[in-house]
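Inside the fold
The residues making up each chain are set out below.
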Amino acid sequence: KIVDHDFDISFFYDRGVPQGSSLEPVLWLLIAERLIRTLTPVQEAKLIMFADDILLLSRGSASYLFSEKLRHSLSIIEKWAQRYALSINMDKTNFIMFPFGKTPTHIPRLKIFGKTIRYSRTIKYLGLYFDEKLTWQYHLSLIKDKTQNLQSKLTRYTRATWGIKPQIIKEIYTKAIESYILYGSEIWYTDLVKLNLKLNQIQRIPLSTIVKNYRTVSTEALNILSGCPPLDIVAKAKKEKFGLIFRNEALMVQDLTLYREDFDLGNRDLAPPWVACVIPWTMDMDPGIEEYKIFTDGSKWNEQVGSGAICYDSNGQEEWSFSLRLSNNASVFIAEAIAILESIKRILHINRICYIFTDSRSVLMALASYCDQTSIIEEIKLILKDKRNIVLCWVKAHVGISGNEIADSLAKEATRRETIDINIKFSKRWFKNHFQRVIKERWQQRWEFSLKARYTYGLMPQVSTKRCFGDFYINQFLTGHGVFPIYQMRFFGKNDICHCGRDQGTITHYLYGCPTFNQIRQGYFPSNFVNLGLLELISLPKVKLGQGFFSGLGCVLWGNFCFRNVLIDLPFCLFSCLNLLFYLFLCLYFWLLRLLLDG
């Protein structure tokens, strides 16, 4: 029954609604609100609801106490469900206990609708799997299996020597797979060795598809070649960001201690569209107009920021001007907005038409947008909402407009002052860039002190997110893991002498000394190739065109490797061929049998 006393509405609603109807969530909220209102005064339990998922929390000094403490709460839920003809899915209803010490020996008996609620050591809620010890190992194991299944589907479109570009696979990983793996990491991540190792094991699965390497290549080298930071470092940064925004935890930046109120992160409670406003602006106004006008500008020089403005009356005479030094964390965008805001505050008492000229198109577009949540932009909108006599205009910068040039000089003059006039909160852009910088610094530190992939470290000592080496043959030279005899001896105990017989089969020998590949070198390398390093050879335009030398050299080495292995392991190869023929015979037999049965 729906009742609204204000509009004198009262009728009984006994019909369902179409799936996806806007009325459906409204009706459900009305029903759910009754349960929340009834259970709120209950001291023994706390109710949390997300859509139609009901979570009941309680705590006690012993496990046997839960049977009595939750009986009243469960009876309330039972009566509520009966009143609104709702059914409880017992297959999805279970409970879990989180012990402070040892595992409880007594399992309480909880019932609803006369049926026993099943006890489980793991429980799923909002996509996260909680285990009783809160180790999250079970959750990460399931994530690893799902990531493996997803990656196996991607391998249909890319292999070691063919398929879609590695840059596309990297884009899929960074935009989809990484977000899927780190879902809820703000809650479950803890900086423990076991958890970090598990995350790196999961990340290794998609990185191997991007880089296309030998299985023996370390995860640290995969991070460097793909340009993807280690997952545990990314998860740690996400948790720190979450702690600052939602828990007001301190953020240490050099010798500064910052809290939530030190950042301009915008208002999370967006105003409805019918309340939000936009401020129009024009780019057709003549800056030489004989009216009351103001020119504003912002500047940044040597990491110091300033704002400036100058005002002219209708006769072209200077009326006032200002030059303000802002804190160093301010951007040029903020400096331009501050110049406009301070100018507006000085002319609020004037009722005549006033023109404000600025060369910052980005600030004007932010004022004309519904989406921008910068506090300074919102303050300007709030002031200009009812001040129609102030007109914002755009002018082109550095084209000889006198007022604009003077405002620019005032802003630059402010950057040279020592005293700060206005302290600006740290912006969302600074906030985002800081955590990206933190991730890169921690990654660089780990890469420098790691004991693995030292050969790759010699080639690429600096980490970078812009790299993406996805060529199977080139990566053998960049990692040292490939068909080289020196590698085969290290892992399989085979002969490490090159088939030319002159030296060990190292990467340097094949690149610069082996006479077998002289013709290939002459076709792709310059005459002074002996003075160039490996990365310099890779970056040569002729070599980059299809990676011809490395692909050709890799194919030759692979052919020699396979030929030598066949000679060594000839009985095993014959046995494998017989198994393959037998498998093909079985497939043909069952296919013919199916045709006969269908006929």
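Worth saying up front: this structure is predicted, and the values here are computed from it rather than measured.

Inspection of the secondary structure assignment puts S450 in the loop between α14 (428-449) and α15 (454-459). Among the polar contacts listed, one links the side chain of S450 to the backbone nitrogen of K452, at a separation of 3.2 Å.

In helix packing, the relevant descriptors are the interaxial angle and the interaxial distance, both defined with respect to the helix axes. Put simply, helix α10 (residues 332-346) and helix α12 (residues 375-384) touch, their axes get as near as 10 Å, and they point 25 degrees apart. It follows that α10 is roughly parallel to α12 by the angle criterion. Judged by the sense of rotation from one axis to the other, the crossing of α10 with α12 is left-handed. For the pair α10 and α12, the contacting residues are F333, I334, A337, I338, I340, L341, I344 and K345 in the first and I376, I377, E379, I380, I383 and L384 in the second.

Largest kink in helix α5 (residues 166-181): about 40 degrees, centred on Y173. All of the buried residues along α5 are P166, I169, K170, Y173, I177, E178 and I181. Structurally, α5 contributes buried residues whose contacts are with α4 (137-154), α6 (185-188), α7 (193-211), α8 (219-226) and α9 (231-247).

On inspection of all chains with the given rule, the structure shows twelve salt bridges. Taking the shortest distance from any N to any O, the salt bridge between R446 and D232 comes out at 2.5 Å. Placement of the pair is R446 in helix α14 and D232 in helix α9, with a sequence separation of 214 residues. The shortest N-O distance in the salt bridge between D408 and K412 comes to 3.3 Å. Here D408 and its partner K412 are both found in helix α13 (residues 402-415), four residues apart, which amounts to about one turn of the helix. Members of the salt-bridge network, linked through shared partners, are E33, R34 and R37.

This part is about the nonpolar core. Among the nonpolar cores identified, the biggest contains 67 residues, and W188, L199 and F263 are the most heavily contacted of them. Contacts of W188, omitting those with residues within four sequence positions, involve L128, W136, H139, L140, I181, L182, Y183, L195 and L199.

With that settled, the discussion passes to the sheet that holds strand β16 (residues 304-312). Spatially, β14-β19-β18-β15-β16-β17 is the arrangement adopted by the six strands of the open sheet, whose pairing is mixed. Each edge of the open sheet is held by one strand with a lone partner, namely β14 (281-282) and β17 (318-326). The pairing of β16 with β17 spans eight bridges and is antiparallel. From the neighbouring strand, S307 faces β17, where its bridge partner is L324. Sheet contacts for α10: β15 (292-301), β16, β17, β18 (354-358) and β19 (390-394); angle to β15, the most-contacted strand, approximately 150 degrees.

When strand β3 (residues 46-50) meets strand β4 (residues 53-57), the two strands line up antiparallel, connected through five bridges. Bridge pairing links L47 to L56 in β4. In sequence, β3 turns back onto β4 through a hairpin of two residues, with A51 there showing a positive phi of about 60 degrees.

As a further point, take a nonpolar patch on the surface. On the surface, a nonpolar cluster with roughly 370 Å² of combined accessible area is contributed by F585, L586, Y589 and L593. According to the relative accessible area criterion, L593 is partly exposed, its value standing at 34%.

Moving on to the environment of L65. By secondary structure assignment, the location of L65 is in the loop between β4 and α2 (66-69). Sequence spacing of L65 and P108 is 43 residues, and the spatial spacing of their C-alpha atoms is 7.7 Å.

What follows covers the environment of I96. Relative to the helices and strands, I96 resides in the loop between β5 (94-95) and β6 (111-112). Remark: the alpha-carbon pair of I96 and T122, spanning 26 residues in sequence, is separated by 6.8 Å.

Its identity is not glycine, yet A85 carries a phi of approximately 55 degrees, on the positive side. Of note, A85 is situated in the loop between α3 (71-83) and β5. Phi at K212 is positive, roughly 60 degrees, even though this residue is not glycine. Along the chain, K212 falls in the loop between α7 and α8.

Moving on, we get to the confidence of the model for the chain. Of the residues in the chain, 88% have a pLDDT of 70 or more, and the chain-wide mean is 85. Low pLDDT, under 50, characterises residues 558-570; the predicted model gives this stretch eleven contacts beyond four residues in sequence or across chains.

Moving on to the packing of α7 against α8. Between α7 and α8, whose axes approach to 9 Å, the crossing angle comes to 50 degrees. Taken together, the axes of α7 and α8 are oblique relative to one another. Considering only the axes of α7 and α8, their crossing is left-handed. Of the residues in α8, those touching α7 at N200, Q203, R204, L207, S208, I210 and V211 are T219, L222, N223, L225 and S226. In the contact of α7 with α8, the residues fall into five nonpolar, six polar and one charged.

Basis of the calculations
- Residues numbered from 1 in each chain as written.
- Predicted model: local features only at pLDDT ≥ 70, side-chain atom pairs only at ≥ 80, totals over all residues.
- Heavy atoms only, no water.
- Helix = DSSP H or I, 4+ residues; strand = E, 2+ residues; numbered from the N terminus.
- Polar contact = N/O pair within 3.5 Å; in protein donor to acceptor, adjacent residues only side chain to side chain.
- Axes fitted to C-alpha atoms, helices over the stretch in contact; angles between N-to-C directions.
- Parallel < 35°, antiparallel > 145°, perpendicular 65-115°, else oblique.
- Left-handed = near helix turned anticlockwise from the far one by under 90°.
- Contact = heavy atoms within 4.5 Å.
- Bend = angle between axes of the 7 residues up to and from the residue.
- Buried < 20%, exposed > 50% of the residue type's maximum accessible area, 1.4 Å probe, protein only.
- Salt bridge = Lys/Arg side-chain N within 4 Å of Asp/Glu carboxyl O.
- Core = buried A, V, L, I, M, F, W, Y, C linked by side-chain atoms within 4.5 Å.
- Pairing = 2+ DSSP bridges.
- Patch = residues over 30% accessible without salt bridge, like charges linked within 9 Å, V, L, I, M, F, W, Y side chains within 5 Å.
- Areas by Shrake-Rupley, 256 points an atom, 1.4 Å probe, with all protein chains shown as cover.
- pLDDT = per-residue confidence, 0-100.
- Nonpolar A, V, L, I, M, F, W, Y, C, P; charged D, E, K, R; others polar.

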